[in-house]
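# Examining the three-dimensional arrangement
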Amino acid sequence: MPFKIVFLENDGIVHVTYSGTVTKDNHYSALKEALELCAEKKSTKLLVDFSKLNEAKLSTLDAFSLAEHISTIKPVMHIAHVYTKQRKYHENIKFASSVETNRGKITGEFKSVKDALTWLRSIG
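Notes on the structure follow. No experiment lies behind these values; they were computed from the predicted model shown.

### Comments concerning the overall build of the protein
Along the protein, the regular secondary structure elements total four helices and five strands. Along the protein, from the amino end to the carboxyl end, the secondary structure elements read β-β-α-β-α-β-α-β-α. With the principal axes as the frame, the protein shows a C-alpha extent of 35 × 25 × 25 Å. Restricting to contacts in the protein with at least 6 residues of sequence separation, those with at least 24 account for 77%. On the protein, roughly 6,700 Å² of surface is accessible, and the fraction owed to carbon and sulfur atoms is 52%. Side chains of the protein give 18 positive and 14 negative charges; the mean places of these two sets differ by 3 Å.

### Describing the sheet that holds strand 4 (residues 78–82)
Adjacent strands of a sheet form backbone hydrogen bonds with each other and so pair up, either parallel or antiparallel. The sheet built from five strands is open, its strands ordered 1-2-3-4-5 with mixed pairing. Strand pairing shows two members of the sheet lacking a second neighbour, strand 1 (3–8) and strand 5 (106–110), which therefore form its edges. On average, adjacent strands in this sheet sit at an angle of 15° to one another, irrespective of strand direction. Pairing between strand 3 (residues 45–57) and strand 4: five bridges, direction parallel. The residue bridging Leu-47 from the neighbouring strand is Ala-80, located in strand 4.

### Brief notes about the pattern of salt bridges
Across all of its chains, the model carries two salt bridges by this definition. Among the salt bridges present, the one from Arg-121 reaches Asp-11, with a minimum N-O distance of 3.1 Å. Of this pair, Arg-121 sits in helix 4 (residues 113–121) while Asp-11 is found in the loop between strand 1 and strand 2 (13–23), placing the two residues 110 residues apart along the sequence. The closest approach of N and O atoms between Lys-32 and Glu-36, which form a salt bridge, is 3.2 Å. Here the residue Lys-32 and the residue Glu-36 both occupy positions in helix 1 (residues 24–41), the gap between them amounting to four residues, near one helical turn. Overall, Glu-36 belongs to the partly exposed group, its relative accessible area being 44%.

### Some points on the nonpolar core
Membership of the largest hydrophobic core comes to 28 residues, with the highest contact counts inside it found for Val-14, Tyr-18, Leu-46 and Met-77. Of all elements in the fold, only strand 1, strand 2, helix 1, strand 3, helix 2 (60–71) and helix 3 (87–102) reach the threshold of two or more residues within this core. For this core, the element with the most residues is helix 1, which contributes six residues. Leaving out residues up to four positions away in the same chain, Met-77 has contacts with Leu-35, Cys-38, Ser-43, Thr-44, Leu-46, Lys-105 and Ile-106. Judged by nonpolar contacts, the second largest core, of nine residues, contains Val-82, Ala-116, Leu-117 and Ile-123.

### Side note on the environment of Ala-34
Mapped onto the fold, Ala-34 is located in helix 1. C-alpha of Ala-34 to C-alpha of His-15: the two residues are 19 residues apart in sequence and 7.9 Å apart in space. In this structure, Ala-34 is in contact with Ile-5, Val-14, Val-16 and Leu-46, ignoring residues within four places of it in sequence.

### Describing the side chain of His-15
Here His-15 shows up in strand 2. We classify His-15 as buried; its relative accessible area is 10%. A distance of 3.2 Å separates polar atoms of two side chains, one belonging to His-15 and the other to Thr-17.

Calculation notes
- Residues numbered from 1 in each chain as written.
- Predicted model: local features only at pLDDT ≥ 70, side-chain atom pairs only at ≥ 80, totals over all residues.
- Heavy atoms only, no water.
- Helix = DSSP H or I, 4+ residues; strand = E, 2+ residues; numbered from the N terminus.
- Contact = heavy atoms within 4.5 Å.
- Areas by Shrake-Rupley, 256 points an atom, 1.4 Å probe, with all protein chains shown as cover.
- Lys, Arg positive; Asp, Glu negative; His and termini not counted.
- Charge placed at Lys NZ, Arg CZ, Asp CG, Glu CD.
- Pairing = 2+ DSSP bridges.
- Axes fitted to C-alpha atoms, helices over the stretch in contact; angles between N-to-C directions.
- Salt bridge = Lys/Arg side-chain N within 4 Å of Asp/Glu carboxyl O.
- Buried < 20%, exposed > 50% of the residue type's maximum accessible area, 1.4 Å probe, protein only.
- Core = buried A, V, L, I, M, F, W, Y, C linked by side-chain atoms within 4.5 Å.
- Polar contact = N/O pair within 3.5 Å; in protein donor to acceptor, adjacent residues only side chain to side chain.

As structure tokens, this is what we get:
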């Protein structure tokens, strides 16, 4: 699996970490598992870490579709994205984040997990 999902109990944050090569199906699987964990733990905080990603087989349209799907989630979500150094994928993440924000989600884009955690922890 090119992703790992954990719940940070002390912070109430669902943390998804991608690594290696990720496909569209991997993204949907990770999203489904992460949202199920959010619901189970009653968490509205999601940290999505792309910093260890080497390659993403995801088009801009795929990124839009994923963001649209996230926008259908009923509770307000606070979503922190940690960027990859891969430029093309970085642009898709930024685009998806904009779509999520335009659909009512509260998002932040960060260069490190530490900064993303600080932001999510500051939310009541």
